[in-house]
Amino acid sequence: MRIFEKIADLQGWLAQRREAGYSIGFAPTMGALHEGHLSLVRMAEAAGDVPVVSIFVNPTQFNDPEDLRRYPRMPEHDIALLQTAGCQALFMPDVEEVYPPGQDLTVRLDFGRLTEVMEGQFRPGHFQGMATVVKRLLDIVEPQRLYMGQKDFQQLTIVREMLRRLALPIELVMCPTVREPDGLAMSSRNLRLTPEMRAAAPALFRTLMAAGKAFLAGTSTADIQQAALQTLHSAGLRPEYFEIVDGYTLLPVAHPEASPFVVACVAAWAGDVRLIDNLVLKEERQQQ
Ligand code: AMP
């Protein structure tokens, strides 16, 4: 695996791979890697792409400076994992390389509701920062395919919209959420859970599964939401939201029969760690 800190060096190497006829599959990350991140690399490899990963803790997407400061950083551990997973190039730039002083690279697209609901409501500015760094990294790497996790469902929805609005010729591949054996979605933030909160955290997934069952049984979305919030509280978590939304518009779903794609999304605090998760409740494939 090649490791690059400078854009010019990475681009030189990518140009050679392209000339040799390879397509590039890119997975942006913030490091502290786990099996969830590695699954993106494996999916890129399985699709025949040259897997390229970036590790960049993007300051512009943290609305809470304390969260940025505490974000785990473990480059040696990450490099060892990526090597075993088949990653071919790792881009680890510093902040000045990504955001050259004096240049304003902010993405100012108006995503409307997509950035206002759920995460957007509790993390102001987060998605503009996320869109900015993803666009910047895409401009640098110019991949054929972009691999992102379903775990961050709203993020993926906004990136899909950004690709569409900017007409970027990049295929977005949604990768299923990788979980611990007890159902907890893998996340770099799990490292900061106390033993007590680690034991409570699988309630997120249990709540989503219960919602899935109730949804199939025809329970109203309002009742599902209320039961879910109660379960999360009882488990010792502090939920911020539990929403049942249309998977494209992120609008709340009151009449599931009218929506072909329905997703339950949850965010809750486990002590001082904020966790998110989601589950697709309904996905009707569009007829081609
Ligand atoms: P992060 O480093 O948290 O910004 O995540 C980088 C990428 O990995 C994003 O596309 C995430 O959605 C994805 N990801 C994070 N956790 C998981 C997981 N448990 N399963 C699948 N993908 C994940």
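What counts and how
Residues numbered from 1 in each chain as written. Predicted model: local features only at pLDDT ≥ 70, side-chain atom pairs only at ≥ 80, totals over all residues. Heavy atoms only, no water. Axes fitted to C-alpha atoms, helices over the stretch in contact; angles between N-to-C directions. Helix = DSSP H or I, 4+ residues; strand = E, 2+ residues; numbered from the N terminus. Parallel < 35°, antiparallel > 145°, perpendicular 65-115°, else oblique. Contact = heavy atoms within 4.5 Å. Nonpolar A, V, L, I, M, F, W, Y, C, P; charged D, E, K, R; others polar. Near = heavy atom within 4 Å. Polar contact = N/O pair within 3.5 Å; in protein donor to acceptor, adjacent residues only side chain to side chain. Areas by Shrake-Rupley, 256 points an atom, 1.4 Å probe, with all protein chains shown as cover. Left-handed = near helix turned anticlockwise from the far one by under 90°. Buried < 20%, exposed > 50% of the residue type's maximum accessible area, 1.4 Å probe, protein only. Salt bridge = Lys/Arg side-chain N within 4 Å of Asp/Glu carboxyl O.

A. Expanded view of the packing of helix H1 (residues 7–19) against helix H8 (residues 126–141). Look at H1 against H8: their axes get within 9 Å of each other, and the N-to-C directions meet at 55°. Compared by their axis directions, H1 and H8 come out oblique. In this structure, H1 contributes Ile 7, Leu 10, Gln 11, Leu 14 and Arg 18 to the contact, and H8 contributes Arg 136, Asp 139, Ile 140 and Val 141. Looking at the contact of H1 with H8 residue by residue, the classes come out as five nonpolar, one polar and three charged.

B. Structural context of the site of the ligand. In the vicinity of the ligand there are 17 residues, among which Met 30, His 37, Asp 152, Val 178 and Met 186 approach most closely. Taking His 37, its side chain carries an N or O atom lying 2.9 Å from an oxygen atom of the ligand. Note that an oxygen atom of the ligand is positioned 3.0 Å from one of the backbone N or O atoms of Gly 149. Computed on the free molecule, the ligand has an accessible area of 480 Å², of which 93% lies beneath the protein chains in the complex. If you list the elements that add at least two residues to the shell around the ligand, you get strand E2 (23–29), helix H2 (35–46) and strand E5 (145–149).

C. Inspection of the packing of helix H11 (residues 203–216) against helix H12 (residues 221–234) at higher detail. Between H11 and H12, the least distance of the axes is 10 Å, while the angle of their chain directions is 155°. By the angle between their directions, the pair H11 and H12 is classed as roughly antiparallel. Seen along the crossing, H11 lies across H12 with a hand that is right-handed. Contacts from Ala 203, Leu 204, Thr 207, Ala 211, Ala 214 and Phe 215 of H11 reach H12 at Ile 224, Ala 228, Thr 231 and Leu 232. Across the contact of H11 with H12, the residue classes tally to eight nonpolar, two polar and no charged.

D. Up close: the environment of Leu 191. Positionally, Leu 191 belongs in the loop between strand E6 (171–175) and helix H10 (195–200). By relative accessible area, which is 55% here, Leu 191 ends up exposed. Between the C-alpha atoms of Leu 191 and Val 273, which are 82 residues apart in sequence, the distance is 9.5 Å. When residues no more than four places from it in sequence are discounted, the contact partners of Leu 191 are Ala 32, Pro 72 and Met 74.

E. Layout of the pattern of salt bridges. Inspection of the entire model under this criterion finds 19 salt bridges. As a salt-bridge pair, Lys 151 and Asp 152 come within 3.9 Å of each other at their nearest N and O atoms. Taking relative accessible area as the criterion, Asp 152 reaches 26% and is therefore assigned partly exposed. Within the structure, one salt-bridge network assembled from shared partners comprises Glu 119, Arg 123, Glu 240 and Arg 274.

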